[in-house]
Amino acid sequence: MSESLPDNLFDAAYACLMCKTLSAKLTQTQQTAQFYLQADKLAALDFKQQQSSAAQAVIEIPMPGRPLQPPLVAPRDLVKRGLGTPEGRAALIHAITHIEFNAINLAWDAVFRFRDMPWEYYADWIRIAEEEAQHFQLLATHLQSLGYQYGDFPAHNGLWEMAVETADEVMVRMALVPRVLEARGLDVTPGIMKKLYNIGDLRAVEILEVILTEEIGHVAAGTRWFRYACERQNLPPEATFAKLLKTRMKSRIKPPFHEQARREAGFTETEMSLLMQTGSSFG
């Protein structure tokens, strides 16, 4: 492995997670992904040995590495801007860009934190980290074409706060981050694309089309490993998902629901009915 990268999967994931500058996080993510996604690289690893030799133990991470900007504020303190102005359009693109930045960290944390999974699990989340970094770069470049930089608008930290809340167990993480928070991206992206199309931002629509297609695969990975974790504990997946929504979610999941995308991502008819029956209040 490159001399600049840790020679251990969990240490390498932690190094990506804690990079503080955008350039370092993107470069480290690309290099780490390229190394570990080589044919048979992960399949050949002795994960017990990797875990025992990792210099960085599994620890609580209140905040991953991030640049000083954007400032983080409570969601209620974010200024709502209409799409009718250039600033409003940039603010929307910035918000989506921030989601993708957080998604890079979420993917690396899924690798770093949960160390008793099959090699295919790590392959999924390393690939996802790489794709999230690509999404971020596409959006950040488009934001620059509008005259703004990532960091020019405030943002909130809700995605990472859920990562902290679900750090106790891989089953809970897979249920509530990919299958709830990230799945909301599947639901709302078509509506955002329509609005951007109507104001003539065709490049943003093209980017979101790419992201939507790949995010279906990311949510599907959450579904796959949620069911694996349930099977390992002899728990029924559908009932367990419903229970986690009721006991761990603080707010309800509201329509619209992108039914086709969710089904492609592995949601069953029972789960879709659960979401649509109430619109959906679990707390």
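Residues numbered from 1 in each chain as written. Predicted model: local features only at pLDDT ≥ 70, side-chain atom pairs only at ≥ 80, totals over all residues. Heavy atoms only, no water.

## Focus on the overall build of the protein
Right, so step 1: Across its full length, the protein holds 11 helices and zero strands.
Right, so step 2: Listing every helix and strand of the protein by position from the N terminus yields α-α-α-α-α-α-α-α-α-α-α.
Right, so step 3: Overall, the C-alpha framework of the protein stretches about 55 × 45 × 35 Å when taken along its three principal axes.
Right, so step 4: Going through the 283 residues of the protein one by one, you find that 49% of them count as buried.
Right, so step 5: A separation threshold of at least 6 residues defines the contact pool for the protein, and within that pool the share at least 24 residues apart is 80%.
Right, so step 6: If you sum the accessible surface of the protein, you get close to 13,300 Å²; carbon and sulfur atoms cover 53% of it.
Right, so step 7: Charge separation in the protein, taken as the distance between the mean sites of 29 positive and 34 negative side-chain charges, equals 7 Å. (Helix = DSSP H or I, 4+ residues; strand = E, 2+ residues; numbered from the N terminus. Buried < 20%, exposed > 50% of the residue type's maximum accessible area, 1.4 Å probe, protein only. Contact = heavy atoms within 4.5 Å. Areas by Shrake-Rupley, 256 points an atom, 1.4 Å probe, with all protein chains shown as cover. Lys, Arg positive; Asp, Glu negative; His and termini not counted. Charge placed at Lys NZ, Arg CZ, Asp CG, Glu CD.)

## Considering the pattern of salt bridges
Right, so step 1: Counted under the stated rule, the structure contains 15 salt bridges.
Right, so step 2: A salt bridge links arginine 232 to aspartate 116; its shortest N-O distance comes to 3.7 Å. Linking arginine 232 in helix 8 (residues 202-232) with aspartate 116 in the loop between helix 4 (86-113) and helix 5 (119-145), this pair joins segments that are 116 residues apart in sequence.
Right, so step 3: For arginine 232, a relative accessible area of 38% translates into the label partly exposed.
Right, so step 4: Measuring nitrogen to oxygen at the nearest pair gives 3.6 Å for the salt bridge that ties aspartate 124 to arginine 127. You can see aspartate 124 and its partner arginine 127 sitting in helix 5, three residues apart, about one turn around the helix.
Right, so step 5: Taking relative accessible area as the criterion, arginine 127 reaches 26% and is therefore assigned partly exposed.
Right, so step 6: Bridged by salt links that share partners, the residues Asp124, Arg127, Glu131 and Arg224 form one connected network. (Salt bridge = Lys/Arg side-chain N within 4 Å of Asp/Glu carboxyl O.)

## Concerning the environment of glycine 88
Right, so step 1: On the secondary structure map, glycine 88 appears in helix 4.
Right, so step 2: Since its relative accessible area comes to 2%, glycine 88 is described here as buried.
Right, so step 3: Setting aside its immediate chain neighbours within four residues, glycine 88 contacts Arg81, Gly82 and Leu83.

## Remarks on the packing of aromatic side chains
Right, so step 1: A full pass over the atoms with the stated rule returns 13 aromatic pairs.
Right, so step 2: Summarising the aromatic geometry, the rings of tyrosine 121 and tyrosine 122 are spaced 5.1 Å apart at their centres and angled 90° between planes, so their arrangement reads as edge-to-face. Comparing tyrosine 121 with tyrosine 122 shows no difference in burial state: the two are buried.
Right, so step 3: Directly above the ring of phenylalanine 267 sits arginine 262, whose terminal nitrogen or CZ lies 4.8 Å from the centroid. (Phe/Tyr/Trp six-rings, centres within 6.5 Å; stacked < 30°, edge-to-face > 60°. Lys NZ or Arg CZ within 6 Å of the ring centre and 35° of its normal.)

## Regarding the packing of helix 5 against helix 8
Right, so step 1: One can describe the packing of helix 5 onto helix 8 by two numbers: an axis separation of 10 Å at closest approach and a directional angle of 160°. Between helix 5 and helix 8, the interaxial angle falls into the category roughly antiparallel. In terms of crossing hand, the pair formed by helix 5 and helix 8 is left-handed. Across the interface between the two elements, Glu120, Tyr121, Asp124, Trp125, Arg127, Ile128, Glu131, Glu132, His135, Leu138, Leu139 and His142 from helix 5 touch Arg203, Ala204, Ile207, Ile211, Glu214, Glu215, His218, Ala221, Gly222, Arg224 and Trp225 from helix 8.
Right, so step 2: Among the residues making up the contact of helix 5 with helix 8, the classes are represented as 10 nonpolar, four polar and nine charged. (Axes fitted to C-alpha atoms, helices over the stretch in contact; angles between N-to-C directions. Parallel < 35°, antiparallel > 145°, perpendicular 65-115°, else oblique. Left-handed = near helix turned anticlockwise from the far one by under 90°. Nonpolar A, V, L, I, M, F, W, Y, C, P; charged D, E, K, R; others polar.)

## Let's talk about unusual backbone geometry
Leaving glycine aside, a negative phi is the common case for residues, and trans is the common case for peptide bonds.
Right, so step 1: With omega at 10°, the peptide bond leading from glutamine 69 into proline 70 counts as cis.
Right, so step 2: As for its position among the elements, proline 70 is in the loop between helix 3 (47-53) and helix 4.
Right, so step 3: Positioned with a positive phi, aspartate 40 is a non-glycine residue whose angle comes to about 70°.
Right, so step 4: By secondary structure assignment, the location of aspartate 40 is in the loop between helix 2 (22-36) and helix 3.

## Considering the packing of helix 1 (residues 9-18) against helix 2
Between two packed helices, both the angle of their axes relative to each other and the distance between the axes serve to describe the pair.
Right, so step 1: Put simply, helix 1 and helix 2 touch, their axes get as near as 8 Å, and they point 160° apart. By the angle between their directions, the pair helix 1 and helix 2 is classed as roughly antiparallel. When you trace helix 1 past helix 2, the crossing you get is left-handed. Side by side, helix 1 and helix 2 meet where Leu9, Ala12, Ala15, Cys16, Leu17 and Met18 of the first sit next to Lys25, Gln28, Thr29, Thr32 and Tyr36 of the second.
Right, so step 2: Taken together, the residues of the contact of helix 1 with helix 2 sort by class into seven nonpolar, three polar and one charged.

## A few points about helix 2
Right, so step 1: In this model, helix 2 (15 residues) spans 21 Å end to end at C-alpha, consistent with the 21 Å of a helix rising 1.5 Å per residue.
Right, so step 2: Among the residues making up helix 2, those that are buried are Lys25, Leu26, Gln28, Thr29, Thr32, Ala33, Phe35 and Tyr36.
Right, so step 3: Those residues of helix 2 that are buried are in contact with helix 1, helix 4 and helix 5. (Expected span 1.5 Å × (residues − 1).)

## With respect to the environment of alanine 91
Right, so step 1: Relative to the assigned elements, alanine 91 resides in helix 4.
Right, so step 2: We classify alanine 91 as buried; its relative accessible area is 16%.
Right, so step 3: Put simply, alanine 91 and alanine 155 are 64 residues apart on the chain and 9.7 Å apart in space, counted from C-alpha to C-alpha.
Right, so step 4: Non-local contacts of alanine 91, meaning those with residues more than four positions away in its chain, are made with Arg81 and Phe153.

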